[in-house]
Amino acid sequence: GGGRGFGGWGGGEFRGGEWRGMGALVVAYGAAGGYGRMYGESEWDKMVRQMGLTGMLIAVNCAVFVAQMMTGDQLTTLGAKVNEKIMQGGYHRLLTPVFLHGDPIHLAVNCFSLWNLGRSTERMYGKKRMLAVYFLAGIAGNLMSFAMSPYPAVGASGAIFGLMGALVEFGLR
């Protein structure tokens, strides 16, 4: 099955999970952040295009985990969801736990889940919406944890379940 054309930009359609035709060039160029740079792309644009936002989020999660290990979990102490610290004004603790993980297996499971759900969400909703779902669901998950559990918490499970919810919603449309 085909998709819609891309207006006056030469047509194109969404088929087999990717854009095809002249519209594909415009969409791909825009997705890489390249509008306005008709003669080449920056290294950043190239990396985003190749890794995708999902790959970059995984890279950030892995880099933060390495930093956690190198600081003797000081980073975890500064960013974990700790209810008392949130009540004292540490509102950053509603987002930072999304990038912190308890051990290598926790990181691996979340990265595996993010890879499998994130790429589909990114493809179906676009990078900006996927990122908005990821962050908002991560914050919502930490708010629920704050309301329901007095214990400290880390991890991206809320954000990943948000991606799953977005995919379910897409499938129901």
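Residues numbered from 1 in each chain as written. Predicted model: local features only at pLDDT ≥ 70, side-chain atom pairs only at ≥ 80, totals over all residues. Heavy atoms only, no water.

A. Quick look at the overall build of the chain. Of the regular secondary structure elements, the chain holds 7 helices and 2 strands. The helix and strand sequence of the chain, counted from the amino end, reads β-β-α-α-α-α-α-α-α. For the chain, buried positions account for 33% of its 173 residues. Taking all contacts inside the chain whose residues are at least 6 apart in sequence as the whole, residues at least 24 apart take part in 60%. Accessible area for the chain stands at about 10400 Å²; split by element, carbon and sulfur atoms hold 67% of it. (Helix = DSSP H or I, 4+ residues; strand = E, 2+ residues; numbered from the N terminus. Buried < 20%, exposed > 50% of the residue type's maximum accessible area, 1.4 Å probe, protein only. Contact = heavy atoms within 4.5 Å. Areas by Shrake-Rupley, 256 points an atom, 1.4 Å probe, with all protein chains shown as cover.)

B. Here's a closer look at the side chain of Arg-93. Along the polypeptide, Arg-93 turns up in the loop between helix H4 (83-87) and helix H5 (104-125). In this structure Arg-93 is buried but unpaired, with Glu-84 as the nearest side chain of opposite charge at 8.6 Å. (Lys, Arg positive; Asp, Glu negative; His and termini not counted. Salt bridge = Lys/Arg side-chain N within 4 Å of Asp/Glu carboxyl O.)

C. View of the confidence of the model for the chain. Per-residue pLDDT for the chain averages 81, and the proportion of residues at 70 or more is 77%. Counting contacts from residues 17-38, a segment whose pLDDT is below 50, to residues more than four positions away or on other chains yields 39 contacts. (pLDDT = per-residue confidence, 0-100.)

D. Representation of the packing of aromatic side chains within the structure. In the structure shown here, the tally under the stated rule is 3 aromatic pairs. Arranged with centres 5.7 Å apart and planes meeting at 70 degrees, the rings of Tyr-125 and Phe-170 form a pair that is edge-to-face. Taken as a pair, Tyr-125 in helix H5 and Phe-170 in helix H7 (residues 157-172) lie far apart in primary sequence, 45 residues in all. Residue classification places Tyr-125 among the buried residues on the basis of a relative accessible area of 17%. Judged by centre distance (5.9 Å) and plane angle (65 degrees), the ring pair of Tyr-134 and Phe-135 falls under edge-to-face. Of the residues examined, Tyr-134 reaches a relative accessible area of 0% and is grouped as buried. Of the residues examined, Phe-135 reaches a relative accessible area of 25% and is grouped as partly exposed. Joined through ring pairs, the aromatic side chains of Phe-99, Tyr-134 and Phe-135 make up one cluster. (Phe/Tyr/Trp six-rings, centres within 6.5 Å; stacked < 30°, edge-to-face > 60°.)

E. Representation of the pattern of salt bridges within the structure. All chains considered together, the criterion is met by 2 salt bridges. With a shortest N-O distance of 2.9 Å, Glu-122 and Lys-127 are connected by a salt bridge. Under the relative-accessibility criterion, Lys-127 is labelled partly exposed at 27%.

F. Geometry of the state of the cysteines. All told, the structure shown has 0 disulfides when counted by the stated rule. With no disulfide of its own, Cys-62 has Cys-111 as its nearest cysteine by sulfur position, at a separation of 4.1 Å. What makes Cys-62 partly exposed here is its relative accessible area of 32%. For Cys-111, a relative accessible area of 11% translates into the label buried. (Disulfide = S-S within 2.5 Å.)

G. Focus on a nonpolar patch on the surface. On the surface, Phe-161, Met-164, Val-168 and Leu-172 cluster together into a nonpolar patch covering about 440 Å² of accessible area. Topologically, Met-164 is positioned in helix H7. Residue classification places Met-164 among the partly exposed residues on the basis of a relative accessible area of 37%. (Patch = residues over 30% accessible without salt bridge, like charges linked within 9 Å, V, L, I, M, F, W, Y side chains within 5 Å.)

H. Helix H6 (residues 127-148), seen in detail. The end-to-end C-alpha separation of H6 is 31 Å, in line with the 32 Å expected for 22 residues at 1.5 Å each. Among the residues making up H6, those that are buried are Met-130, Tyr-134, Ala-137, Gly-138, Asn-142 and Ser-145. One side of H6 holds all its buried residues, which, seen down the axis, span an arc of 135 degrees. For H6, exposure combined with an orientation more than 90 degrees from the buried face picks out Lys-128, Arg-129, Leu-136, Met-144 and Ala-147. (Expected span 1.5 Å × (residues − 1). Arc of directions from axis to C-beta.)

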